[in-house]
Amino acid sequence: MSRHGVLRARPTQLLGALVAGLLGALALAAPAAAHGADAPDGTNYRSTVRGVNPQVPGLTVRVIEAGARLELLNHTGRTIEVLGYAGEPYLEIRPDGVYENSRSPATYLNRTLDGETGIPAGADPSQPPSWQRVGTEPLARWHDQRSRWTGSGQPPAVAAAPEQEHRIRDWVVPLRDGTTALELHGSLDWLPPPDPFPWWALSLLGGLAVGALGLLPGASRAGRAGTVALAALAGLGGVAAIGFALGRGADAGTGALLGVLFGGQLWPTLTGLGALAAGAYAISRRPAADFALALAGTGLALFAGVTNAAVFLRSVVPVPWPAGAARLLVALVIAIGAGLTMAGVLRLRATRPVDPAAPEDPVAASPRAGLRTAEGG
């Protein structure tokens, strides 16, 4: 058998090997990406900014990354100072950028979401500040333990009745505008998590519906219509994956479009683009269209769908839209991705050519055997 014959005769085995490679890459890349971004995929604690007292024109503060960080934009033309946990100077948001006090313990505690960074011996809040420039714009984003729940377990009220909403506490972050003391006020609430079953059921049933298109005969007019439908669904899944990536970037406050897509949201972006390319490849009647659709579907389901499935379990999700819309988008990506994989495999198996080098049954291949069968023996 020729090498070309081997590859054509075993498309599902090759697809299986590539799927296994994608799973391995996911296992290695996902934890690193999560640690690097340091942003949760969702939470049941909603942190809300209520305002600055007294109000300062040109000063804007909001919660980003599902409550993981606070973002302060200073367009006052003056220096706004954020105070640390001991009341010491922590951040200065000046017109020419952001400055961090290396002697503030908050500088180190706020570097990660869990606050596990060690505090060096020189970090003494009673000493005069030592400012280091860490940004070139009057915009600061930081983890702040005052605006989040950092306990090891649930608050007592939540543990007693997790199915109900609870006000956990009102929080305050002290600020300074020159010599004027300011207070950033906010609240922290518990929101009961949603039931994940309907969203997983929607993903599964949608995947089966898309996968059923792979049962249409490939050589018929219905088969061609199935190819067009699968290609269109691949495009829809790609757009949904990229749209969700853009939503996460917008919630994180990332400005540049390319920075969002190819920075913290690299894998969903690549799989979304891959799905768009596979749809265009299939619609042009390329010979390996089924393989391309199956591979693109696997990438969608894993890297843009399952990795974001925490939205099915969390009431607060890291996008600037309603949580229900985010769940619907992720369910759509999973359904289309899984369905494309199923349909592609079914079509590959249906069109797999017979190996010309396979031994023939001499009895079945004999004209005399066919004559005997026709004559009844």
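Here the structure is shown first, and the text comes after it.
The text that follows walks through the structure, step by step, so that each part is easy to find. (Residues numbered from 1 in each chain as written. Predicted model: local features only at pLDDT ≥ 70, side-chain atom pairs only at ≥ 80, totals over all residues. Heavy atoms only, no water.)

This next bit is on the nonpolar core. Membership of the largest hydrophobic core comes to 26 residues, with the highest contact counts inside it found for Leu 59, Leu 72, Val 82, Leu 91, Trp 142, Leu 175 and Leu 184. Elements with a contribution of two residues or more to this core: strand 1 (45-53), strand 2 (59-64), strand 3 (69-74), strand 4 (80-83), strand 5 (89-94), strand 8 (139-142), strand 9 (166-177) and strand 10 (180-190). If we skip the residues at most four places from it in the chain, Leu 72 touches Leu 59, Thr 60, Val 61, Ile 80, Val 82, Ile 93, Pro 138, Leu 139, Ala 140, Trp 142 and Leu 175. (Core = buried A, V, L, I, M, F, W, Y, C linked by side-chain atoms within 4.5 Å. Buried < 20%, exposed > 50% of the residue type's maximum accessible area, 1.4 Å probe, protein only. Helix = DSSP H or I, 4+ residues; strand = E, 2+ residues; numbered from the N terminus. Contact = heavy atoms within 4.5 Å.)

Before going further, it helps to examine helix 8 (residues 266-283). Each full turn of the α-helix corresponds to 3.6 residues, which orients residues three or four apart in the same direction. The first and last C-alpha atoms of helix 8 sit 26 Å apart over 18 residues, in line with the 26 Å expected at 1.5 Å per residue. Where helix 8 is concerned, the buried positions are Pro 268, Thr 269, Thr 271, Gly 272, Ala 275, Ala 278, Gly 279 and Ala 282. (Expected span 1.5 Å × (residues − 1).)

What follows deals with the packing of helix 5 (residues 197-211) against helix 10 (residues 323-350). Orientation of helix 5 relative to helix 10, taken along the N-to-C sense of each, is 35°, at an axis distance of 7 Å. As for how helix 5 packs across helix 10, the hand of that crossing is right-handed. For the pair helix 5 and helix 10, the contacting residues are Trp 199, Trp 200, Leu 202, Ser 203, Gly 206, Gly 207, Leu 208, Val 210 and Gly 211 in the first and Gly 324, Arg 327, Leu 328, Ala 331, Ile 334, Ala 335, Ile 336, Gly 339, Leu 340, Met 342, Ala 343 and Leu 346 in the second. Per-class residue counts for the contact of helix 5 with helix 10 are 14 nonpolar, six polar and one charged. (Axes fitted to C-alpha atoms, helices over the stretch in contact; angles between N-to-C directions. Left-handed = near helix turned anticlockwise from the far one by under 90°. Nonpolar A, V, L, I, M, F, W, Y, C, P; charged D, E, K, R; others polar.)

Our focus in this paragraph is the sheet that holds strand 6 (residues 97-101). Ordered in space as 1-10-9-4-5-6-7, the seven strands form an open sheet in which the pairing is antiparallel. The sheet is open, and its two edges are formed by strand 1 and strand 7 (131-135), each paired on a single side. Taken pair by pair, the neighbouring strands of this sheet meet at an average axis angle of 30°, ignoring direction. Across eleven bridges, the pairing between strand 9 and strand 10 is antiparallel. Directly across from Arg 167, in strand 10, lies its bridge partner Asp 189. (Pairing = 2+ DSSP bridges.)

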